[in-house]
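Summary of the model geometry
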Amino acid sequence: MASLRVIRRMLCSAAETAAAPVSASRWERLKNSKAGVWCRGLASDYKEACREVVVGAWERPLKATVYAALLGGAWACFHTNPDRFSFEAALLERSGQLGLLSPWIRSASSDGHTQSLLKLRNEGRLRHLSLGVLTLVYHADFDPDVSLYEAQCSNLSVPWREFPQRVLDVGFAGRWWILNSKMKDYDVNEGEFQHLPANMQATNPPSVQEVEKNERLHKESWLAVTMEEEVEKVKNEDTTNTVKQEETQS
């Protein structure tokens with residue numbers, strides 16, 4: 001039994017010594033293969049590129065700051081780029097704001113622009129094109145589900161040179177700029193002032209002094225009325241009348 005154990009140990013040690021160079025040779029063959037050489041070269045290129053970026057940023061900090069600001073701004077614009085659902089939500093919100101006003105008060109330009117967008121939305125003719133940092137809203141001639149020949153034929157599609165004329169809104173930095181500009185002073189009806197003179201159609205904002213004066217007068221209007229000044233005024237008038245009577249009698 002002892003001799004069998006010794007023989008078994010010798011065979012195991014021999015197997016281990018024979019397997020070690022085989023595994024090492026496999027690793028060497030993998031490193032020297034085409035895939036291994038390509039991976040090592042790729043890692044070396046990335047390492048050198050990172051080193052050059054760090055050295056260039058250290059040598060030219062202003063240029064690196066400008067590039068970092070541009071990349072950060074592009075990332076912020078991409079992150080805040082509005083989508084089609086935000087446009088529909090903004091359109092419905094603006095329509096609700098105009099619906100709370102009387103037709104005699106609401107702005108005709110704001111109401112007309114909003115109603116035209118709602119009509120295109122109900123007809124399924126609004127389209128949205130995302131460009132990464134901004135989104136364009138434009139109108140098409142037909143709904144995409146329409147089976148008409150004019151709607152499905154690619155030869156009758158609208159050429160790209162007419163695309164700028166079809167743009168209705170631009171979404172950038174989380175806002176829809178044309179819709180917001182059309183809703184400026186949406187509660188002012190310009191038609192009410194078109195018969196006034198030119199100098200009365202537009203008003204200038206009040207100055208700081210006028211605002212302070214109006215605020216002071218408004219605060220004074222809430223103060224309680226004091227009778228001391230009135231009593232003093234009556235006494236002065238009585239004294240003046242008495243002096244005049246004495247002078248006339250003398």
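Position numbers for residues count from 1 along each chain, tracking the sequence in the order it is written. This being a predicted model, a pLDDT of at least 70 is required before a residue's local features are given, and a value of 80 or more before pairs of side-chain atoms are given or counted; all residues contribute to the totals for chains, interfaces and linings. No hydrogens and no water enter the side-chain calculation; it runs on all heavy atoms of the structure.

1. Description of the overall build of the protein
- Numbering of helices and strands starts at the N terminus; helices are DSSP runs of H or I of at least 4 residues and strands are runs of E of at least 2. Secondary structure summary: the protein contains eleven helices and four strands in total.
- Remark: exposure states derive from per-residue accessible area (1.4 Å probe, protein chains only) relative to the maximum for the residue type, with buried under 20%, exposed over 50%, and partly exposed in between. The 250 residues of the protein split such that 14% are buried.
- Partitioning the contacts of the protein with sequence separation of at least 6, the portion at a separation of at least 24 is 63%.
- With an accessible surface of roughly 20,300 Å², the protein has 60% of that area assigned to carbon and sulfur atoms. It only takes one pair of heavy atoms within 4.5 Å for two residues to be counted as in contact. Surface exposure here means Shrake-Rupley accessible area, sampled with a 1.4 Å probe, where a residue is shielded only by the protein chains that are shown.

2. Some points on the nonpolar core
- Take the buried Ala, Val, Leu, Ile, Met, Phe, Trp, Tyr and Cys residues and link them wherever side-chain atoms come within 4.5 Å; each set so joined is a nonpolar core. Ranked by size, the top nonpolar core spans eleven residues in total: Phe87, Ala90, Leu91, Leu117, Leu118, Leu120, Leu126, Val137, Leu168, Trp176 and Leu179.
- Looking at this core, the elements that each hand over two or more residues are α4 (84-99) and α5 (108-122).
- Ignoring sequence-local partners within four residues, the contact set of leucine 179 consists of Ala90, Leu91, Arg94, His113, Leu117 and Asp169.

3. Things to note about the pattern of salt bridges
- For this document, the term salt bridge refers to a Lys or Arg side-chain nitrogen within 4 Å of an Asp or Glu carboxyl oxygen. As enumerated under the stated definition, the model contains six salt bridges in all.
- Residue glutamate 93 pairs with arginine 94 through a salt bridge whose shortest N-O separation is 3.6 Å.
- Its salt-bridge partner being aspartate 141, residue arginine 166 comes within 3.1 Å of it at the nearest N-O pair. Here aspartate 141 lies in the loop between β2 (134-139) and α6 (149-152) and arginine 166 lies in helix α7 (residues 163-166), a separation of 25 residues in the sequence.
- The buried category is assigned to arginine 166, whose relative accessible area is 13%.
- For aspartate 141, a relative accessible area of 38% puts it in the partly exposed group.

4. Details of the packing of aromatic side chains
- Aromatic pairs are defined between Phe, Tyr and Trp rings, using the six-membered ring for Trp, whenever the two ring centres lie within 6.5 Å; interplanar angles under 30 degrees are classed as stacked, those over 60 as edge-to-face, and all others as tilted. Overall, the coordinates contain three aromatic pairs when judged by the stated rule.
- The interplanar angle of 65° and the centroid separation of 4.9 Å between the aromatic rings of tyrosine 138 and phenylalanine 163 together place this pair among those described as edge-to-face. Placement of the pair is tyrosine 138 in strand β2 and phenylalanine 163 in helix α7, with a sequence separation of 25 residues.
- For phenylalanine 163, a relative accessible area of 15% gives the class buried.
- Their ring planes at 50° and their centres at 5.7 Å tell us that tryptophan 160 and phenylalanine 163 sit as a pair that is tilted.
- When its relative accessible area of 69% is taken as the criterion, tryptophan 160 is described as exposed.
- In this structure an aromatic cluster arises from ring pairing among Tyr138, Trp160 and Phe163.
- A cation sits over an aromatic face here: arginine 84 above phenylalanine 85, 4.9 Å from the ring centre. Whether a charge sits over a ring comes down to the Lys NZ or Arg CZ being within 6 Å of the ring centre and within 35 degrees of the ring normal.

5. Considering the side chain of arginine 166
- Polar contact is defined as a pair of N or O atoms within 3.5 Å, subject to the rule that within protein one atom must be able to donate a hydrogen and the other to accept it, and that residues adjacent in sequence are counted only when both atoms are side-chain atoms. Only 3.1 Å separates the side chain of arginine 166 from the side chain of aspartate 141, close enough to count as a polar contact.
- In contact with arginine 166, other than residues within four places in its own chain, are Val137, Tyr138, His139, Ala140, Asp141 and Val158.

6. Things to note about the environment of aspartate 185
- Note on placement: aspartate 185 falls in the loop between α8 (177-182) and α9 (198-201).
- The class of aspartate 185 is partly exposed, set by a relative accessible area of 47%.
- Each C-alpha atom of the pair aspartate 185 and serine 107 lies 7.2 Å from the other, and the pair is 78 residues apart in sequence.

7. Side note on a nonpolar patch on the surface
- Here, patches come from residues exposed beyond 30% relative accessible area and free of salt bridges, joined within 9 Å for like charges and within 5 Å for nonpolar side chains (Val, Leu, Ile, Met, Phe, Trp, Tyr). A grouping of Leu62, Val66, Tyr67 and Leu70 is seen on the molecular surface, where their side chains present a nonpolar patch of about 450 Å² in accessible area.
- Looking at the secondary structure, you find leucine 62 in helix α3 (residues 61-79).

8. Considerations on the packing of α4 against α5
- Axis definition: a line fitted to C-alpha atoms, over the contacting stretch in the case of helices. Angles run 0 to 180 degrees between N-to-C directions. Axis separation between α4 and α5 bottoms out at 10 Å; the angle between their running directions is 135°. With respect to α5, the axis of α4 lies oblique. In the packing of α4 onto α5, the handedness of the crossing is left-handed. Taking contact as the criterion, the partners of Phe87, Glu88, Leu91, Leu92, Ser95 and Leu98 in α4 are, on α5, Ser110, Asp111, Thr114, Leu117, Leu118 and Arg121.
- By residue class, the composition of the contact of α4 with α5 is six nonpolar, three polar and three charged. To sort the angles, those under 35 degrees are grouped as roughly parallel, those over 145 as roughly antiparallel, those from 65 to 115 as roughly perpendicular, and the leftovers as oblique. Crossings are assigned a handedness: left-handed for a near helix turned anticlockwise from the far helix by less than a right angle, right-handed for a clockwise turn. Gly is put with the polar residues, along with every residue not named as nonpolar or charged; the nonpolar set is Ala, Val, Leu, Ile, Met, Phe, Trp, Tyr, Cys and Pro, and the charged set is Asp, Glu, Lys and Arg.

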